[in-house]
Amino acid sequence: MFKKQTLFVLMLLNASLIAQSVGNESNLYNSKTKVFLLAGQSNMDGRGDASKLTKQDLKALKYAQKNIDFYYKGTANNKDQIVIDGVLDTTDPWDFIKQKFRIETCFGPELFFGIELSKQYPDKKFLFIKRAQGGTSLYGAWNPNWSYEKARIKQEENKPKLYKDFIQTVDTQLAKLPSDSYEIAGMLWVQGESDSGQRHGPLPTQTYEENLTVLIQKVRAHFKVEDLPFIMLGVGSPKVIKSMQATSDKLSNVTLIKRSLKPNGPNYTPRYSHDWNGKPANHYNYIGMKKIGELFFENYYKKYKDFIKN
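Computed from a predicted model, the values in this text were never measured in an experiment.

**Q** I'd like to hear about unusual backbone geometry, residue by residue, with values.
**A** Backbone geometry places Arg102, a non-glycine residue, at a positive phi of 60°. Of note, Arg102 is situated in the loop between helix 4 (95–101) and strand 5 (106–107). If you check the backbone angles, Asn277 has positive phi at about 55° while not being a glycine. Looking at where Asn277 falls in the secondary structure, it is placed in the loop between strand 10 (271–276) and strand 11 (279–284).

**Q** Just give me the short version of the side chain of Ser243, but keep the residues and values in it.
**A** Checked against the element boundaries, Ser243 lands in helix 10 (residues 238–250). Given a relative accessible area of 10%, Ser243 falls into the buried group. Residues in contact with Ser243, not counting those within four places in the same chain, are Thr205, Tyr208 and Glu209.

**Q** Could you give an account of the nonpolar core, naming the residues involved and the relevant values?
**A** The biggest cluster of nonpolar side chains holds 41 residues, and the ones touching the most others in it are Phe36, Phe113, Leu117, Phe128 and Phe296. By residue number, the principal contributor to this core is helix 11 (residues 286–304), which donates eight residues. Dropping the residues within four chain positions of it, Phe128 is found in contact with Phe36, Leu38, Ile68, Asp69, Phe70, Tyr71, Leu88, Glu110, Phe113, Gly114 and Leu117. If you look at the next biggest cluster of nonpolar residues, it comprises 33 residues, including Ile129, Leu138, Leu215 and Phe230.

**Q** Please set out the environment of Tyr182 residue by residue, giving values where relevant.
**A** Within the element layout of this structure, Tyr182 appears in strand 7 (residues 182–190). Residues Tyr182 and Leu127, 55 residues apart in the sequence, show an inter-C-alpha distance of 9.0 Å. With residues near it in sequence (within four places) discarded, Tyr182 still touches Lys32, Thr33, Val35, Leu174 and Leu177.

**Q** Can you lay out the packing of aromatic side chains for me, pointing to particular residues and giving the numbers?
**A** The full count for this structure, using the stated rule, is 19 aromatic pairs. Judged by centre distance (5.9 Å) and plane angle (90°), the ring pair of Phe36 and Phe128 falls under edge-to-face. On the criterion of sequence distance, the pair formed by Phe36 in strand 1 (residues 33–40) and Phe128 in strand 6 (residues 126–132) is long-range, its members being 92 residues apart. Assessed through its relative accessible area of 0%, Phe36 is described here as buried. Under the relative-accessibility criterion, Phe128 is labelled buried at 0%. Ring geometry for Phe70 and Tyr72: centres 5.8 Å apart, planes at 15°, overall stacked. The residues Phe70 and Tyr72 share a single accessibility class, namely buried.

**Q** Can you explain the pattern of salt bridges? Please cite residues and give values.
**A** One pass over the full model with this rule turns up 13 salt bridges. For Asp45, the salt bridge identified is with Arg47, shortest N-O distance 3.9 Å. With its nearest N and O atoms 2.8 Å apart, the salt bridge here joins Lys130 to Glu110. A residue pair is termed long-range when its members are at least 10 positions apart, and Lys130 in strand 6 and Glu110 in helix 5 (residues 110–120) qualify at 20 residues. Pair check on accessibility: Lys130 and Glu110 agree, each one buried. Residues participating in the shared-partner salt-bridge network are Lys32, Lys34 and Glu183.

**Q** Describe the packing of helix 9 (residues 208–223) against helix 10, and please don't skip the residues or the numbers.
**A** Relative orientation of the contacting elements helix 9 and helix 10 amounts to 45°, with a least axis distance of 8 Å. With respect to helix 10, the element helix 9 is oriented oblique. Handedness of the crossing formed by helix 9 with helix 10: right-handed. Mapping the contact onto sequence places Tyr208, Glu209, Leu212, Thr213 and Ile216 in helix 9 and Val240, Ser243, Met244, Ala246, Thr247 and Lys250 in helix 10. Partitioning the contact of helix 9 with helix 10 into residue classes produces six nonpolar, three polar and two charged.

Conventions used here
- Residues numbered from 1 in each chain as written.
- Predicted model: local features only at pLDDT ≥ 70, side-chain atom pairs only at ≥ 80, totals over all residues.
- Heavy atoms only, no water.
- Helix = DSSP H or I, 4+ residues; strand = E, 2+ residues; numbered from the N terminus.
- Buried < 20%, exposed > 50% of the residue type's maximum accessible area, 1.4 Å probe, protein only.
- Contact = heavy atoms within 4.5 Å.
- Core = buried A, V, L, I, M, F, W, Y, C linked by side-chain atoms within 4.5 Å.
- Phe/Tyr/Trp six-rings, centres within 6.5 Å; stacked < 30°, edge-to-face > 60°.
- Salt bridge = Lys/Arg side-chain N within 4 Å of Asp/Glu carboxyl O.
- Axes fitted to C-alpha atoms, helices over the stretch in contact; angles between N-to-C directions.
- Parallel < 35°, antiparallel > 145°, perpendicular 65-115°, else oblique.
- Left-handed = near helix turned anticlockwise from the far one by under 90°.
- Nonpolar A, V, L, I, M, F, W, Y, C, P; charged D, E, K, R; others polar.

Spelled out as structure tokens, the structure:
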């Protein structure tokens, strides 16, 4: 009698686990895909050393790959455009990047943003669409109101019109999905260094707030999400970061992530320490890029998680 009761309980438990598994799978494929847009220059491209990923990191990434698709159009050298069209993953960069940063594969903010997102929302489907290109300014290549004169000031007249290319890239990827199957849930922005300094005159820095405001407003208008969360990393000169803060104060649902420059600070994001051609290589290393991805998640989840609840 005892064996029969035990068997019956085990059967019920097994049925419950199967139903729960089927329910989770159903939620994953029946709810709308949440789309995140990512854009910027080289630190959005990402130079984090993927060889430093721990066994725990790789296990978490494998788990995230079950529900995060990733389209990435990145920095091009003279020959090849970097493109990833698959699941969330690390990047095989071009040879110059491998030599400069002493790496074989790398990753950007999306990796640990996605890992943390998948932990919090294991029953949601996500799509990340990233367009990034190193050494590009908001005044020139990324300017929604692009002009040859502005691009020439930044010596970017022969570079892609990146705002236009970004919009076209996103539109192309979204067109592959049924129109009622997705929602754009947020945008991440890492850019500012190329508008800092006085090498090309004062205008790129002086107009950063104006150009950033226009970019946010145009993205929201184009994708018809007037309150789209926009989160940016505070990179660049103090004047550029001040412009980011002013934009955040002025517009709703815009957040600036402030970094600590001190190793004991809570938001410290370390960079590579070696030199390249007599100058610091700069850019964020494994620890720094991992922290940036986690900061994007923490800020998004704290302020904008309602965009994912349905």
